[in-house]
Amino acid sequence: MARLQTPAELEELRKQILSTRDPNKPCITLCSGSACNASGSREVAAALEEEIAKQGLTTDVDIRKTGCHGYCERGPIIVIHPEKIAYFQIKPEDVPEIITETIQGKKVVERLLYTDPATDEKIVHEHDIPFYKNQERIVFGSNSSVDPKSIDDYLAIGGYSALAKALSAMTPEGVLQEVKKANLRGRGGGGFPAGVKWEGTRNAADPIKYVIVNADEGDPGAYMDRSLLEGNPHAVLEGLTIGAYAVGAHEGYIYVRQEYPLAVENVFTAIRQAEEHGLLGENILGTGFNFKVIIHQGAGAFVCGESTALMTALEGRAGEPRPKYIRSNIVGLWGRPSVLNNVETWANVPLIINKGADWFTAIGTETSKGTKIFSLVGKITNTGLVEVPMGTPLRDIIFKIGGGIPGGKKFKAVQTGGPSGGCLPEELLDLPVGFDELTKAGSMMGSGGMIVMDEDTCMPDVARYFLEFLTDESCGKCVPCREGMRQMLKLLTNITKGKGKEGDIELLEQL
Ligand SMILES: Cc1cc2nc3c(=O)[nH]c(=O)nc-3n(C[C@H](O)[C@H](O)[C@H](O)COP(=O)(O)O)c2cc1C
């Protein structure tokens, strides 16, 4: 592939790709994210390929192995296009019937459809299923329509048009102002406004600046960043490149744990393809802008998700945090101004540039704009990844999308914000999810882990579990964490074993 020389050449290539794609040709999209792979997606893919060949349909039917579709509870999932017929929990043995009945005979296989537990009704189309119907999947939705290993698939859905627009029709300052106006708040933790962070870096005097993707994602139960990077790596790369242009960086890093091998593999492939197409590297799209991206595989330490520890690890030293007397957007990686944003934050950027800040701010609440992806896990009927507009009540996420608590049990609490977050009880079920709302309620948004607990869950046990995790993951640099956590764990372990003493609670609070 010759490198694209202009934005017009990119559009020409997009046209060419689309002209070879018949929207009426049957296409089977198969969820091939880590969760579906674990429940047998690779075997289903092999069975599909074999059966399609056996029935002489190789040129008549496409198979697309996509990223995570989100409904992990029901994987492996296939969706048959153009009708958008969704089948769940597919086994290799189901494949001959699917090809004969649905592809050849244009009939649905009833037993593989979703059954609505409330009405017992069979639902044919993915978008009519309550799990999907109540979501707004502006960031995560593309996962199910692209093969993450194919840049053509990304280009076919409009990929890299935001980058072309930014580089050819907007100034770096204009890009920055659009992101600021969108009030895009960081999806990885504190909800800090990305535009404000970028502005600090852009205005810093040092001419060498960096942009970084935080794909460490170490919170127990959270896998949205991993799935986004696995399923749509080009969207993250495109956002990162636009950010680099806005702040004046020519080098970017993706810090991803090596425990996420599919994410690592897919992002490596995406970088290579983007370089081959002239969408990364020297003179991107002939605009004179240079930008290269380097992948750093983290060894899997929770603390390395913290911005300064991550940068220290990138420098090749032990990943320990440092006090932020000066923020890392001014003095960051190798002492240079560095923008670090979360995977989901970067993936929002192309949407904002393409559709505009006004479109983005129309979604969400007064202070939290856009959508948020949550990983809904624990004692919940529909485990999976869900994306909702900011401001959606917890009750809707847990009951309308999540399908409530299995086994007729009662809801007890939902834990949000990762190990340093908090548990929200039943009285707060109508709380709208937003950065400030969750903090005010005593928890936090964090990166989007949502662990649901039922009436059988012992809350001291939950607290002990998270303390054990944090004690184990403590890097040991600071005394309150290294020593305090261990003492708290001792106290809580005693309590959970029925050996608690008068004054333990007060001591825990003091600690
Ligand atoms: C102990 C600790 C772990 C963290 N882990 C992550 C992580 O895995 N992913 C992430 O994006 N942010 C993580 N953060 C937050 C980062 O320090 C930082 O605020 C964030 O990556 C900035 O990106 P954002 O503004 O787009 O959210 C962590 C923070 C702490 C204190």
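Residues numbered from 1 in each chain as written. Predicted model: local features only at pLDDT ≥ 70, side-chain atom pairs only at ≥ 80, totals over all residues. Heavy atoms only, no water.

Colleague: Help me out: how do you make sense of a nonpolar patch on the surface in this one?
Modeller: A cluster of nonpolar residues, Tyr325, Ile326, Ile330 and Val331, forms a patch on the protein surface that exposes about 410 Å² of accessible area. Position of Val331 among the secondary structure elements: in the loop between helix H13 (307-314) and strand E11 (338-342). (Patch = residues over 30% accessible without salt bridge, like charges linked within 9 Å, V, L, I, M, F, W, Y side chains within 5 Å. Areas by Shrake-Rupley, 256 points an atom, 1.4 Å probe, with all protein chains shown as cover. Salt bridge = Lys/Arg side-chain N within 4 Å of Asp/Glu carboxyl O. Helix = DSSP H or I, 4+ residues; strand = E, 2+ residues; numbered from the N terminus.)

Colleague: Looking at this structure, how should I read the site of the ligand?
Modeller: Lining the immediate environment of the ligand, one finds 17 residues, of which Gly188, Asn214, Asn341, Asn342 and Thr345 sit closest. At 3.1 Å from an oxygen atom of the ligand is found a side-chain nitrogen or oxygen belonging to Lys197. Interatomic distance of 3.3 Å between a backbone N/O atom of Gly305 and a nitrogen atom of the ligand. In isolation the ligand has 610 Å² of accessible area, and contact with the protein removes 79% of it. Of the residues contributing to the shell around the ligand, the split by class is two nonpolar, ten polar and five charged. (Near = heavy atom within 4 Å. Polar contact = N/O pair within 3.5 Å; in protein donor to acceptor, adjacent residues only side chain to side chain. Nonpolar A, V, L, I, M, F, W, Y, C, P; charged D, E, K, R; others polar.)

Colleague: How should the sheet that holds E11 be read in this particular structure?
Modeller: Remark on secondary structure: sheet strands pair via backbone hydrogen bonds, oriented parallel or antiparallel. Spatially, E9-E10-E8-E7-E11 is the arrangement adopted by the five strands of the open sheet, whose pairing is mixed. Two strands lie at the open edges of the sheet, namely strand E9 (281-284) and E11, each paired on one side alone. For this sheet the average axis-to-axis angle between neighbouring strands, irrespective of direction, equals 25°. In this sheet, E11 lies alongside strand E7 (residues 210-215) in parallel orientation, the contact comprising five bridges. Looking across to E11, one finds that Val211 is bridged to Val339. Helix-sheet contacts for helix H12 (residues 261-276) involve strand E8 (251-257) and strand E10 (289-298), and the interaxial angle to E10 is about 160°. (Pairing = 2+ DSSP bridges. Axes fitted to C-alpha atoms, helices over the stretch in contact; angles between N-to-C directions. Contact = heavy atoms within 4.5 Å.)

Colleague: I would appreciate a short explanation of the packing of aromatic side chains in the present structure.
Modeller: Two aromatic rings are characterised by how far apart their centres lie and by the angle between their planes. Tallied over the entire structure, the rule returns 17 aromatic pairs. Here Tyr71 and Phe88 contribute two aromatic rings whose centre-to-centre distance is 5.6 Å and whose plane-to-plane angle is 70°, an arrangement assigned as edge-to-face. Here Tyr71 is found in the loop between strand E2 (62-66) and strand E3 (78-81), whereas its partner Phe88 is found in the loop between strand E4 (85-87) and helix H4 (95-104), with 17 residues between them in sequence. Under the relative-accessibility criterion, Tyr71 is labelled buried at 0%. According to the relative accessible area criterion, Phe88 is buried, its value standing at 5%. Aromatic side chains Tyr245 and Phe289 sit 5.5 Å apart centroid to centroid with 80° between the ring planes, which places their arrangement in the edge-to-face category. Taken as a pair, Tyr245 in helix H11 (residues 233-247) and Phe289 in strand E10 lie far apart in primary sequence, 44 residues in all. The pair Tyr245 / Phe289 is uniform in exposure class, with both members buried. (Phe/Tyr/Trp six-rings, centres within 6.5 Å; stacked < 30°, edge-to-face > 60°. Buried < 20%, exposed > 50% of the residue type's maximum accessible area, 1.4 Å probe, protein only.)

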